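If you want the building blocks of each chain, they are given just below.
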Amino acid sequence: MLTLALASTVVATLASVITASHRPVTPGELCYRKCVPLDTRICYFHFDVHPYQTLSRACYDCPRNTTDCERPECVPGDGVKRRIIAVNRQMPGPAIQVCLGDQIRVDVKNSLHDEGITVHWHGLTMRSSDPRDPDTPYMDGVPNLTQCPINPGATFRYTFYASDAGTYWYHSHQGFERGDGLFGAIIIRQPPAEDPNIGTYDFDLPQHVILVTDWLHIPSQDKFVLRQYGGGDESPDSMLVNGQGPYQEANSSSLAAQVPYARFIVRPGNRYRLRLISTGILSCPITFSVEQHAFTIISTDGSPVVPRPAHSLVIYSGERWDVVIQADQGRSGTFWMSFMGSIDCANTRARQFALLEYESQRAQVKGTFYSSQQQGGGGTPAGALPPPPAFTDVPPPGVQVNSVNSACYDDLVCVADLRSHYSLPEALKTPHADITLYLAFQVRNINNDHFYSRVFYPFEAVDTSQQVTTPQINNLSYAQPAAPLLLTGLRGQERRVCNAEHPPPDTNCDADYCECLHLYSIPLGATVDLVLIDEGINGDDNHPVHLHGDHFWVLGQDRPNDVPEAEITRSKVMEMDRAGRLVRNLDRPVYKDTVTLPDGGYTVVRFLASNPGYWLLHCHVLLHSAAGMDLVIRVGADKDLPDVPPNFPTCGNFIGGKNNY
């Protein structure tokens, strides 16, 4: 099954691909190749997930000897030792680089000692690229929704299709493991003739994939516990680019200040496609810019857009942006690439830098540089460079795309202002969708029963420094089921299901804490508008919202709270929509799977409910999602689902039989 947004350009290619049988199973590293029609492969990867640490013994004398930082299995981090979770002793984990139509098989072995894992393939819809093969919703990697967690010592084979070209990534969806290092890139290329932006760049290289990460000096679960039970902060300590970069707040004489920067090699006169991925876990929008270089945005979340020149770009957790940089600043030179954090990151001045390095002498053959580093091209010691730019959360001069908490005007370009190369399918060019869901994201001052005791230390009685807000959607927290809904359906759990239209009985969720199996059922084939609202009452959090199992068209975005008297609430946005005041752009809107909500604003997206399954929709700020800022969209009926794979593992509650306690 093919996603509708790309149908007009890739149908011809896929039609030719699916008539050819896949080649035999191929080691994953051999699947990076020039993509041509009729050449589809089965690409096999093995991921061994185990406890690890930054600056392990594999690093020898790194960062004193910066060449040691490039040794196999060395993870420099920011020069501060901490426990991490690594895939194959790498952070980021191994990149998956394949072609459109390939089948991907990943054996994930859990070598952790005390926790389960799942892996989510962020942005991939789990649709088959061959109508003769079933879709793969069971491989989406959400614990207790699509699968059971993989227990320590066990191996789970994920099998799915590269059915959409673009920039994607994988990460753990279990607990806090994503924040501790379990993530990596997925790049799906297509035959060049099928890329509408192929004329904008000369090279698309595997070492020009850039994963940027807000980074803690303690395990992510510790951060969450200290926040929720003791009023700790939500700010990161640092930031990494492709797993490295000096701790910017370290004393200049410390080892942490000597960690090499990631560098990205280019040759003068050429144009390069850079693929940017934010793996962040906190409310930390990251502003990307390059010293003395403008750039051109050509894709977001895997979908091509009409090229848009810009001087800076804000990237939110879960988003991917492809930009083209032209090496046009002379015959040589080294230029700072800046990644400046804001909101929670601004409190600790969290930022990182990398190097865009002009290198005319380095060999370049068949579009790939000879380099020991697949991602980043090695490192440059921090002490050998002029100082990087000073921290700032003020936008650089010029055009900024995807700005933080701003209305759309002048040089601040919202996502809804961008345009796709492809028209919205005719059937969806309707002013009103079949179903409209109004989803208000808010952090609330309430007595969350998980973190407060109404008897001993209720929310209103503790010191204000201990009053931590609760992230919710429509005043409801998500309580995950005990067994995967994709396997069991809603049998026996109907009483746990709720939503804004059907709240939990005998409760006042507007005033008190409520949790349930937060779920909406959508008929197969329905057109759905999601009006995503940030009421902006507490703090200035920014909520990047990610939809599993599909992409959506971004129809509108605004921040009325730029006008002080224009307070935003769910009910007010509903009134505005009834009055026709929520503008929906139906002229080639961009197609994404992750989009931000400006604080005190809204974003309107539309999707076609054509992919049967139980799909998570959630804030991609990990500390918000872990506290319940999630819900499930059930598309279709259970009878519409493909058959469960043979011998698929099961789990659930056990409360004993009649002879037990």
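What you are looking at is a predicted structure, and each value in this text was computed from that prediction instead of being measured.

How do you make sense of the overall build of the chain when you look at a structure like this?
Within the chain, the regular secondary structure consists of five helices and 38 strands. Relative to a compact globule of 661 residues, whose C-alpha radius of gyration would be 26 Å, the chain shows 24 Å and is just as compact. Taken along the three principal axes of its C-alpha coordinates, the chain extends 70 × 65 × 60 Å. Split into buried and exposed, the 661 residues of the chain put 62% on the buried side. Excluding contacts between residues fewer than 6 apart, the proportion of contacts in the chain whose partners are at least 24 apart in sequence is 78%. As presented, the chain carries roughly 24800 Å² of accessible surface, and 50% of it is formed by carbon and sulfur atoms. One way to put it: in the chain the 51 positive side-chain charges average out to a point 6 Å from where the 71 negative ones average out.

Explain helix α4 (residues 570-578) here, please?
At 3.6 residues per turn, the α-helix brings residues three or four places apart onto the same side. Along α4, the residues that are buried comprise Arg-570, Val-573, Met-574, Met-576 and Asp-577. Each buried residue of α4 lies within a common arc of 160° when the element is viewed along its axis, so the set occupies one face. Among the structural elements, β26 (435-444), β31 (527-534) and β36 (602-608) are those in contact with the buried residues of α4. Trailing α4 by a residue or two, Gly-580 shows a phi angle of about 75°, which is positive.

Is there a simple way to explain a nonpolar patch on the surface in this structure?
A grouping of Val-455, Phe-456 and Tyr-457 is seen on the molecular surface, where their side chains present a nonpolar patch of about 400 Å² in accessible area. Counting through the fold element by element, Tyr-457 comes out in the loop between β26 and β27 (470-473). Since its relative accessible area comes to 43%, Tyr-457 is described here as partly exposed.

Which parts of the structure should I look at to understand the nonpolar core?
It is characteristic of soluble globular proteins that their nonpolar side chains tend to be buried jointly. Ile-96, Trp-121, Phe-288, Met-337, Phe-339, Leu-439 and Leu-530 are the most contacted members of the largest nonpolar core, which totals 113 residues. For this core, the leading source of residues is strand β37 (residues 613-619), giving five residues. Formed by 17 residues, the second largest nonpolar core is a distinct cluster that contains Tyr-438, Ile-568, Tyr-602 and Leu-608.

Help me understand the packing of aromatic side chains, please; the structure alone is not making it clear to me.
The geometry of an aromatic ring pair is captured by the separation of the ring centres together with the interplanar angle, meaning the angle of the planes. As enumerated under the stated definition, the model contains 18 aromatic pairs in all. With a centroid separation of 4.9 Å and an interplanar angle of 40°, the aromatic rings of Phe-176 and Phe-224 are classed as tilted. Here Phe-176 is found in the loop between β8 (166-172) and β9 (183-189), whereas its partner Phe-224 is found in helix α2 (residues 220-230), with 48 residues between them in sequence. Through successive ring pairs, a cluster of aromatic residues spans Phe-47, Trp-121, Tyr-138, Phe-156, Tyr-158, Phe-160, Tyr-170 and Phe-648. Its guanidinium or amino end placed over the ring of Tyr-60, Arg-71 lies 3.8 Å from that ring's centre, counting from NZ or CZ.

Looking at this structure, I do not really get the sheet that holds strand β34 (residues 591-592). What am I missing?
The pairing of strands in a sheet comes from backbone hydrogen bonds and takes either a parallel or an antiparallel form. Taken in spatial order, the six strands of this open sheet run β27-β26-β31-β36-β33-β34, and their pairing is mixed. Both outer strands of the open sheet, β27 and β34, are each paired with one neighbouring strand and no more. Relative to β36, strand β33 (residues 552-558) is paired through five bridges, and the arrangement is antiparallel. Within β36, the residue paired with Gln-557 across the bridge is Thr-603.

What am I meant to see in the side chain of Arg-275 here?
As for its placement among the helices and strands, Arg-275 is situated in strand β13 (residues 271-278). Separated by 2.7 Å, the side chains of Arg-275 and Asp-204 make a polar contact. Look past the residues within four positions of Arg-275 in its chain and what remains in contact with it is Gly-166, Thr-167, Ile-187, Arg-189, Asp-204, His-208, Val-209, Ile-210, Trp-321 and Asp-322.

Just to check I follow, could you spell out the environment of Val-468 for this structure?
As for its placement among the helices and strands, Val-468 is situated in the loop between β26 and β27. Given a relative accessible area of 3%, Val-468 falls into the buried group. Put simply, Val-468 and Gln-228 are 240 residues apart on the chain and 6.3 Å apart in space, counted from C-alpha to C-alpha. Here Val-468 is in contact with Arg-227, Gln-228, Gly-231, Tyr-452 and Phe-459, once residues within four sequence places are set aside.

Just to check I follow, could you spell out the state of the cysteines for this structure?
A covalent bond between the sulfur atoms of two cysteines is what we call a disulfide. In the structure shown here, the tally under the stated rule is nine disulfides. At a sulfur-sulfur separation of 2.1 Å, the disulfide partner of Cys-509 is Cys-514. An S-S torsion of about -95° defines the bridge between Cys-509 and Cys-514 as left-handed. For Cys-509, a relative accessible area of 8% puts it in the buried group. Between Cys-619, a cysteine without a disulfide, and Cys-284, which holds the nearest cysteine sulfur, the sulfur-to-sulfur distance is 13 Å. Residue classification places Cys-619 among the buried positions, given a relative accessible area of 0%.

When you look at the pattern of salt bridges in this model, what are you seeing that I'm missing?
Pairing between side chains of opposite charge can happen when their charged atoms approach one another. Under the definition given, this model contains 36 salt bridges. Arg-33 serves as the salt-bridge partner of Asp-102, at 2.9 Å between the closest nitrogen and oxygen. In this pair, Asp-102 is assigned in the loop between β4 (96-99) and β5 (103-110) and Arg-33 in the loop between β1 (23-27) and β2 (41-53), connecting sequence segments 69 residues apart. Under the relative-accessibility criterion, Asp-102 is labelled buried at 0%. Using a relative accessible area of 12% as the deciding quantity, one classes Arg-33 as buried. Across the salt bridge formed by Arg-454 and Asp-449, the nearest N and O atoms sit 2.7 Å from each other.

In this structure, what is going on with the pairing of β5? I would like to understand it.
A regular strand carries its side chains on alternate faces of the sheet. Of all the eight residues making up β5, six are buried; the element is thus mostly covered by neighbouring parts of the structure. Strand direction decides the pairing type here: β5 and strand β7 (residues 155-161), joined by seven bridges, are antiparallel. In the strand pairing of β7, Arg-105 is matched with Thr-159.

I tried to follow unusual backbone geometry on my own but got confused; where do I start?
Leaving glycine out, the prevailing phi sign among residues is negative, and the prevailing peptide bond configuration is trans. For the bond from Cys-62 to Pro-63, the omega torsion is 5°, close enough to zero to count as cis. Along the polypeptide, Pro-63 turns up in the loop between β2 and β3 (83-87). Pro-92 follows Met-91 through a cis peptide bond whose omega is 0°. Along the chain, Pro-92 falls in the loop between β3 and β4. Not every positive phi belongs to a glycine, and Arg-89 is a case in point at roughly 60°. Counting through the fold element by element, Arg-89 comes out in the loop between β3 and β4. Unlike most non-glycine residues, Asn-474 shows phi in positive territory, near 50°. Here Asn-474 lies in the loop between β27 and β28 (477-478).

For this particular structure, what's the right way to read α2?
Within the span of α2, buried status applies to Ser-220, Lys-223, Phe-224, Arg-227 and Gln-228. For α2, the angular spread of buried residues about the axis comes to 110°, placing them on one side. Buried-residue contacts for α2 involve α5 (622-626). Once α2 finishes, Gly-231 follows within two positions and takes phi at roughly 75°, a positive value.

What counts as what
- Residues numbered from 1 in each chain as written.
- Predicted model: local features only at pLDDT ≥ 70, side-chain atom pairs only at ≥ 80, totals over all residues.
- Heavy atoms only, no water.
- Helix = DSSP H or I, 4+ residues; strand = E, 2+ residues; numbered from the N terminus.
- Rg over C-alpha atoms; globule rule 2.2 N^0.38 Å.
- Buried < 20%, exposed > 50% of the residue type's maximum accessible area, 1.4 Å probe, protein only.
- Contact = heavy atoms within 4.5 Å.
- Areas by Shrake-Rupley, 256 points an atom, 1.4 Å probe, with all protein chains shown as cover.
- Lys, Arg positive; Asp, Glu negative; His and termini not counted.
- Charge placed at Lys NZ, Arg CZ, Asp CG, Glu CD.
- Arc of directions from axis to C-beta.
- Patch = residues over 30% accessible without salt bridge, like charges linked within 9 Å, V, L, I, M, F, W, Y side chains within 5 Å.
- Salt bridge = Lys/Arg side-chain N within 4 Å of Asp/Glu carboxyl O.
- Core = buried A, V, L, I, M, F, W, Y, C linked by side-chain atoms within 4.5 Å.
- Phe/Tyr/Trp six-rings, centres within 6.5 Å; stacked < 30°, edge-to-face > 60°.
- Lys NZ or Arg CZ within 6 Å of the ring centre and 35° of its normal.
- Pairing = 2+ DSSP bridges.
- Polar contact = N/O pair within 3.5 Å; in protein donor to acceptor, adjacent residues only side chain to side chain.
- Disulfide = S-S within 2.5 Å.

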